[in-house]
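Summary of structural features
Here are the chains, one letter per residue:
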Amino acid sequence: MINAYLVDEGGELTIVDAGVAGLYRDLASELASMGRSIEDVRALVLTHGHSDHIGFAERIRIDRDIPVSIHEADAALARGEVPNPSKGFGKTKAAPLIGFLWFSLIRGGLRTQHVGEVSVFGDGATLDVPGSPHVILTPGHTPGSTVLDFSSHRALLVGDALSTYAVTTGSKGPQIAPFTADPTQALESLSRIEGRSADVVLPGHGDPWTGGVDEAIQRVRMSASGRS
Ligand SMILES: [Zn+2]
Ligand SMILES: [Zn+2]
């Protein structure tokens, strides 16, 4: 429903996205299942500033002194200084939407704290965090939405640049994510990751996609033009 990722590079970890606040409860057991602990986490990187991605960021920053970073164009959103640029729910179906809202609610989605302090990065940066992801700016979902290419893991972490599950309609497969501020720009931005090779495309919502980056993009375009 809402994904956060733990990337292990030689025993040191980067967390990508912080879900909703209550996902913090699952963190210790998830780390333990990898033979790791919170002591091994070095950084939290946010793909964008939406409230269902910054959930436990402030808590882990304060309690554990773990630095939080985000693209410069979404920093103000993560700090809560500007309103969410995405308007409304778009197309919805009642049952999946209620499921998403309920999932968020019982995991503290309404008490998400903004992040007091974030460091920022720009397009094309290679981040000095475990896994050394390369940053590709893919604006549209939000102005500072980024894709993180962990090429040594052959994993492309796309945030909400595309989704494989629409939390508002229940529709599955690669598609433009719900709550996208500028869908036209989001579609155009996908050409920025076209041609990349990765064994797995990992979205903020939905299952991992293992059918290749370009095929995922093709499916998004088809779904956007109503040919899915
Ligand atoms: Zn989002
Ligand atoms: Zn999201």
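All values derive from a computational prediction rather than experimental measurement.

The next point concerns the overall build of the protein. Check the secondary structure of the protein and you find six helices and 11 strands. Principal-axis analysis of the C-alpha atoms places the extent of the protein at approximately 45 × 35 × 35 Å. As displayed, the protein offers around 10,200 Å² of accessible surface, 50% of which is attributable to carbon and sulfur atoms. In the protein, 19 side chains carry a positive charge and 27 a negative one; their mean positions are 7 Å apart.

Glancing now at the environment of Ser104. Mapped onto the fold, Ser104 is located in helix 4 (residues 94-106). Residue Ser104 is classed as buried on the basis of its relative accessible area, which comes to 10%. Spatially, the C-alpha atoms of Ser104 and Glu72 are 26 Å apart, while their sequence positions differ by 32 residues. The residues touching Ser104, leaving out its near neighbours within four places in the chain, are Ile2, Val20 and Gly109.

Summarising the metal site, the zinc ion (ligand 2) is bound by the protein donors His53 (NE2), Asp160 (OD) and His205 (NE2), whose distances to it range over 2.0 to 2.1 Å. Read N to C, the donor residues that coordinate the zinc ion (ligand 2) are spaced as H-x106-D-x44-H. Between the zinc ion (ligand 2) and the zinc ion (ligand 1) the interatomic distance amounts to 3.2 Å, and Asp160 serves as a bridging ligand to the pair. Highlighted residues: His53 in the loop between strand 3 (41-45) and helix 2 (57-64) and Asp160 in the loop between strand 8 (155-159) and strand 9 (163-165), separated in sequence by 107 residues. Under the relative-accessibility criterion, His53 is labelled buried at 0%.

Let us look at the coordination of the zinc ion (ligand 1). Donor atoms from the polypeptide that bind the zinc ion (ligand 1) are His48 (NE2), His50 (ND1), His141 (NE2) and Asp160 (OD), placed at 2.1 to 2.3 Å. Bound by four donor atoms, the zinc ion (ligand 1) shows angles of 90 to 167° at the metal and therefore irregular coordination geometry. Each donor residue of the zinc ion (ligand 1) belongs to the same chain, and together they define the spacing H-x1-H-x90-H-x18-D.

Overall, the coordinates contain 11 salt bridges when judged by the stated rule. For Arg219, the salt bridge goes to Glu215, with nearest N and O atoms at 2.8 Å. Of this pair, Arg219 and Glu215 both sit in helix 6 (residues 213-224), four residues apart, which is roughly one turn of the helix. Using a relative accessible area of 34% as the deciding quantity, one classes Glu215 as partly exposed.

Scoring rules and cut-offs
- Residues numbered from 1 in each chain as written.
- Chains lettered and ligands numbered in written order.
- Predicted model: local features only at pLDDT ≥ 70, side-chain atom pairs only at ≥ 80, totals over all residues.
- Heavy atoms only, no water.
- Helix = DSSP H or I, 4+ residues; strand = E, 2+ residues; numbered from the N terminus.
- Areas by Shrake-Rupley, 256 points an atom, 1.4 Å probe, with all protein chains shown as cover.
- Lys, Arg positive; Asp, Glu negative; His and termini not counted.
- Charge placed at Lys NZ, Arg CZ, Asp CG, Glu CD.
- Buried < 20%, exposed > 50% of the residue type's maximum accessible area, 1.4 Å probe, protein only.
- Contact = heavy atoms within 4.5 Å.
- Donors = N, O, S within 2.8 Å, 3.2 Å for Na, K, Ca; no water.
- Tetrahedral: all angles 85-135°; square planar, octahedral: opposite > 155°, others 65-115°.
- Salt bridge = Lys/Arg side-chain N within 4 Å of Asp/Glu carboxyl O.

Such coordinate-based values are descriptive only and should not be taken to indicate function.
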